[in-house]
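# What the coordinates show
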Amino acid sequence: MSQAETSRGDQSATPNGVLQPGTASAGDDLLAVNAVNVHKFFGRTHVLKGIDMQVRPSEVVCLIGPSGSGKTTFLRCINQLEEINGGRIWVNGELMGYYEKNGRLHVLDDAAKARQRRPIGMVFQRFNLFPHMTAVQNIIEAPTQVLGISKSEATDEAMNLLEQVGLADRAQNYPSQLSGGQQQRVAIARALAMHPQLMLFDEPTSALDPELVGDVLKVMRDLAEEGMTMVVVTHEMAFARDVADRVVFMDAGKVVEQGTPAEVINHPSQERTQQFLSRMVSDPHV
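What comes next is a walk through the structure. (Residues numbered from 1 in each chain as written. Predicted model: local features only at pLDDT ≥ 70, side-chain atom pairs only at ≥ 80, totals over all residues. Heavy atoms only, no water.)

## Observations concerning the overall build of the protein chain
We apply this condition: Secondary structure elements follow DSSP: runs of H or I of four or more residues count as helices, runs of E of two or more count as strands, with numbering from the N terminus. For each residue, the accessible area found with a 1.4 Å probe, counting protein chains only, is set against the maximum for its type, and the residue is called buried under 20%, exposed over 50%, and partly exposed in between. Note on contacts: a residue pair qualifies if any of its non-hydrogen atoms lie within 4.5 Å across the two residues. Accessible surface area values rest on a Shrake-Rupley calculation with a 1.4 Å probe, where residue burial reflects the displayed protein chains alone.
A count of helices and strands for the protein chain gives nine helices and 15 strands. Per-residue burial for the protein chain yields a buried fraction of 52% across its 286 residues. In the protein chain, the proportion of contacts linking residues at least 24 apart, taken out of those at least 6 apart, comes to 64%. For the protein chain, the computed accessible surface area is about 13100 Å², with 46% contributed by carbon and sulfur atoms.

Structure, rendered in structure tokens:
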């Protein structure tokens, strides 16, 4: 949605971002994420083609599928790192990126969008830690600067979070002194320091050496057991099978199949899902 306002109702998109009115489902306050008919274009490339997806509180949803299927783009749209060109996304019942007045949608300003992002934590493929800050300094930066928490209080919480991710003894280390897996665990602790209601993970283990993957996945498993609502883009089929409440298979910008891990991973009903999973067996980096 690139224009300042649009008619009320769901929208179908065109490559130039012009939205056409339709009928939209209302945001459901009982859902952590409610995406309705979401479209996204990059230029004339139609990346997301009418995504409908719901995530309940405390649910873990894993998005799987080949590279280029739109998984990461969809995750970034939830967090407003990318603007959608059609449809709507609600997080915890709040329409993301827009407000409604007199039956029309109006784009939120940057400050309002930033406020909407605060309850959402996101962990990227790359760790994106500040190289000139220690682990604990990376974690306290946002709580002190954005939430206004005192440095002493933020430091105490940061140390608790570092202990939670198994890195209490690395608090004073700089990113260059940490392994990739350790940096990713610091990045998770940094996201948790903002007290998110929803955590988004974009291939959090893809940049790691195989022997470092397990420690990061353990932290994510622990979060799932604690009831954190999570949407995870992953190629780790064992994690998806063991931890996810629901698995969503995406391909070519569409949701092809979704269901429990047993349904989608063990007994996929769609031929395209079967093809993808059979390739995953022979090449887990597909």
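There's more to say after this.
## Quick word on the sheet that holds strand S8 (residues 94-95)
In plain terms, the rule: The pairing criterion for strands is at least two bridges between them, as found by DSSP. Convention adopted: a line fitted to C-alpha atoms gives each axis, helices being fitted over their contacting stretch, and angles between N-to-C directions are expressed from 0 to 180 degrees.
Reading across the sheet, the four strands line up as S5-S4-S7-S8 and stay open at both edges, with antiparallel pairing between neighbours. Either end of the sheet is taken by a strand with one partner, and the two such strands are strand S5 (45-55) and S8. Two elements, strand S4 (residues 33-42) and strand S7 (residues 86-91), share five bridges in a ladder whose sense is antiparallel. In the strand pairing of S7, Asn34 is matched with Trp90. Docked against the sheet, helix H1 (residues 71-78) engages S4, S5 and S7, running at close to 65 degrees with respect to S5.

## Remarks on the pattern of salt bridges
Let me state the cut-off plainly: Salt bridges are identified by distance alone: a Lys or Arg side-chain nitrogen within 4 Å of an Asp or Glu carboxyl oxygen.
All chains considered together, the criterion is met by ten salt bridges. Among the ionic pairs, Lys218 bridges to Asp222, the shortest N-O distance being 3.0 Å. Here Lys218 and its partner Asp222 are both found in helix H6 (residues 210-225), four residues apart, which amounts to about one turn of the helix. Linked by salt bridges that have partners in common, Lys40, Arg76 and Glu82 make up one network.

## What to know about the side chain of Arg246
Condition: N or O atoms closer than or at 3.5 Å make up a polar contact, with two conditions inside protein: a donor-capable atom paired with an acceptor-capable one, and, for residues adjacent in sequence, both atoms drawn from side chains.
Here Arg246 shows up in strand S14 (residues 246-251). Looking at Arg246, its side chain comes within polar contact range of the side chain of Gln258, at 2.7 Å. Among all residues touching Arg246, those that are not within four sequence positions of it are Gln54, Val55, Glu59, Val60, Val61, Cys62, Gln258, Gly259 and Pro261.

## A closer look at the pairing of S14
Of all the six residues making up S14, six are buried; the element is thus mostly covered by neighbouring parts of the structure. Where burial is concerned, the two faces of S14 agree: the one with Arg246, Val248 and Met250 and the one with Val247, Phe249 and Asp251 are both buried. Looking at chain direction, strand S6 (residues 60-64) and S14 are connected through four bridges and run parallel. Each bridged residue has a counterpart across the sheet, and for Ile64 the counterpart in S14 is Phe249.

## Some thoughts on the nonpolar core
Let me state the cut-off plainly: Residues belong to one nonpolar core when they are buried, are Ala, Val, Leu, Ile, Met, Phe, Trp, Tyr or Cys, and are joined through side-chain atoms within 4.5 Å.
Within the largest apolar cluster, 51 residues are counted, with the highest numbers of intra-cluster contacts made by Leu162, Ile188, Phe201, Met220 and Met230. Residue contributions to this core peak at seven residues, all from H6. In this view, Met220 contacts Ile188, Phe201, Pro204, Met230, Val232 and Phe239; residues no more than four positions away in its chain are not counted. Residues Ile51, Val61, Ile78 and Val233 belong to the second largest nonpolar core, which totals 26 residues.

## Section: the pairing of S6
Counting buried positions over the five residues of S6 gives five, a clear majority of the element. With burial as the criterion, each face of S6 is covered, one bearing Val60, Cys62 and Ile64 and the other bearing Val61 and Leu63. As paired elements, S6 and strand S13 (residues 229-233) share four bridges and run parallel to each other. Considered in S13, the bridge of Leu63 is made with Val233.

## Observations concerning unusual backbone geometry
Of note in this structure, Asn128 is not a glycine but carries a positive phi near 55 degrees. For Asn128, the location among the structural elements is in the loop between strand S11 (120-123) and helix H3 (135-145). The residue Glu203 is not glycine, and still its phi comes out positive at about 45 degrees. With respect to the helices, strands and loops of the structure, Glu203 is situated in the loop between strand S12 (198-202) and H6.

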